Amino acid sequence: MRLTMTAPWLMFTASLLFAVMGVCVKFASALYGAGEIVFYRSLVGALIIFALSRSRGTSLRTRVPEMHFWRSTSGVIALMLWFTAIGGLPLATAMTLNYMSSVWMALFLIGGSVLVGAARVDGRLVAAVLAGFAGVALVLRPTIDQQQLWFGLAGLLSGMLAALAYLQVTALGRAGEPEERIVFYFSLGGLAAGAAWMLWQGGHAHSARGLGLLLAIGALATAAQMMMTRAYRIGRTLVNASLQYLGIVFAVGFGVLLFDDPVTVSALAGMMLIVAAGLGATLLRTRQPHDSPDTRSPPHDA
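Residues numbered from 1 in each chain as written. Predicted model: local features only at pLDDT ≥ 70, side-chain atom pairs only at ≥ 80, totals over all residues. Heavy atoms only, no water.

K.L.:
Outline the environment of Ser42, listing residues and values.
P.N.:
On the secondary structure map, Ser42 appears in helix H2 (residues 34-56). Note: C-alpha distance between Ser42 and Thr222 (180 residues apart in sequence) is 8.8 Å. (Helix = DSSP H or I, 4+ residues; strand = E, 2+ residues; numbered from the N terminus.)

As structure tokens, this is what we get:
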């Protein structure tokens with residue numbers, strides 16, 4: 001059955017589901033490695049998308065396998081880094097760093113303008129990028145210690161690679177690939193990477209709690225990803241982007257209630273700066289003449 005909710009409700013629900021998924025990832029990180037979590041998240045996602053595509057009569061055969069390969073490579077690495085960050089940082093901090101992807105996309109746009117010799121670089125995009133990184137400094141400084149620096153770097157890199165994956169999703173959308181096919185091949189990439197991780201690092205024994213968490217992560221991530229993709233196809237980009245940042249608000253609440261995560265004025269100010277920078281960058285990108293309304297801001301979750 002196809003989703004019939006309006007775009008704002010789809011985005012609200014998807015943002016909540018992604019935050020709940022983050023909670024499950026944080027609990028699961030005490031039992032499994034990031035590669036294992038990615039493997040089982042991808043396995044559940046692939047099975048759901050396969051069943052969904054069969055019920056809808058959507059073919060999963062693609063004419064552009066190389067495009068899916070590069071999208072899956074960047075997206076899966078981003079996902080592993082994000083799950084690593086969630087395991088070692090306060091939940092809201094890890095979520096916020098991953099949501100820097102809009103700011104990274106603005107930085108890529110600036111770099112592209114410089115490389116092609118554009119007459120001028122949009123100063124508003126530059127300001128958005130600087131504001132975003134100022135927000136990162138405020139978020140990280142009061143909340144992580146020296147032992148967590150790797151996790152902070154992993155969170156930042158996850159956002160950067162997610163931005164690359166989003167650009168590749170844009171290209172796939174323009175090539176006519178439906179969302180089910182894009183998510184399916186992304187899940188296959190996660191399966192391959194997760195399996196390689198487990199062959200290298202070894203796996204952990206399962207328990208009822210662990211299996212429940214892994215199943216929840218896969219189901220929540222897939223449902224949220226499909227909802228968010230649908231919302232971006234039928235709704236307004238800036239409204240969707242604004243509601244997407246509710247994920248940070250939910251993460252703050254869950255972090256305080258479930259994990260006793262510290263919340264300081266400086267960290268909250270940094271989060272607001274990153275949200276403002278991301279929204280500003282999204283608004284400016286939607287005004288670019290070559291963007292199409294259904295692919296400007298691809299869905300979250302790399």
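K.L.:
Tell me about the pattern of salt bridges, and name the residues and values.
P.N.:
Summed over the entire model, instances satisfying the criterion amount to two salt bridges. Of the charged contacts, one joins Arg56 and Glu180 as a salt bridge, the two residues approaching to 2.4 Å between their closest N and O atoms. Note that Arg56 is positioned in helix H2 and Glu180 in helix H8 (residues 179-201), a separation of 124 residues in sequence. Note on Glu180: relative accessible area 3%, which makes it buried. In this structure, Arg181 and Glu177 form a salt bridge, with 2.7 Å as the shortest nitrogen-oxygen distance. (Salt bridge = Lys/Arg side-chain N within 4 Å of Asp/Glu carboxyl O. Buried < 20%, exposed > 50% of the residue type's maximum accessible area, 1.4 Å probe, protein only.)

K.L.:
Give me the nonpolar core: which residues, what numbers.
P.N.:
The biggest cluster of nonpolar side chains holds 84 residues, and the ones touching the most others in it are Met21 and Phe83. If one sorts the elements of this core by residue count, helix H1 (residues 7-28) sits on top with 12 residues. Each residue touching Met21, except ones within four places of it in the same chain, is listed here: Trp82, Phe83, Ile217, Leu220 and Ala221. (Core = buried A, V, L, I, M, F, W, Y, C linked by side-chain atoms within 4.5 Å. Contact = heavy atoms within 4.5 Å.)

K.L.:
Lay out H8 with the relevant residues and their values.
P.N.:
With 23 residues, H8 ought to run about 33 Å at 1.5 Å a step, and its terminal C-alpha atoms sit 32 Å apart, in line with that. Gly202, located one to two residues past H8, shows a positive phi value of around 85 degrees. (Expected span 1.5 Å × (residues − 1).)

K.L.:
Mind laying out the packing of aromatic side chains, listing which residues take part and the relevant values?
P.N.:
Applying the stated criterion to the full structure yields 10 aromatic pairs. Each ring, one from Phe39 and one from Tyr40, has its centre 5.0 Å from the other, and the planes form 90 degrees; the classification is edge-to-face. This pair shows no difference in class: Phe39 is buried, exactly as Tyr40 is. Between Trp82 and Phe83, the aromatic rings sit 6.0 Å apart at their centres with planes inclined by 35 degrees, giving tilted as the arrangement. The buried category is assigned to Phe83, whose relative accessible area is 1%. (Phe/Tyr/Trp six-rings, centres within 6.5 Å; stacked < 30°, edge-to-face > 60°.)

K.L.:
So what about a nonpolar patch on the surface? Which residues, and what values?
P.N.:
Nonpolar side chains collect at one region of the surface, where Val256, Val263, Leu268 and Met272 lie side by side and expose about 340 Å² of accessible area between them. Examined against the element boundaries, Val263 turns out to sit in the loop between helix H11 (246-259) and helix H12 (265-286). (Patch = residues over 30% accessible without salt bridge, like charges linked within 9 Å, V, L, I, M, F, W, Y side chains within 5 Å. Areas by Shrake-Rupley, 256 points an atom, 1.4 Å probe, with all protein chains shown as cover.)

K.L.:
So what's going on with the side chain of Arg181? Which residues, and what values?
P.N.:
When you line up the elements, Arg181 lands in helix H8. Each residue touching Arg181, except ones within four places of it in the same chain, is listed here: Ser59, Leu60, Arg61, Thr62 and His68.

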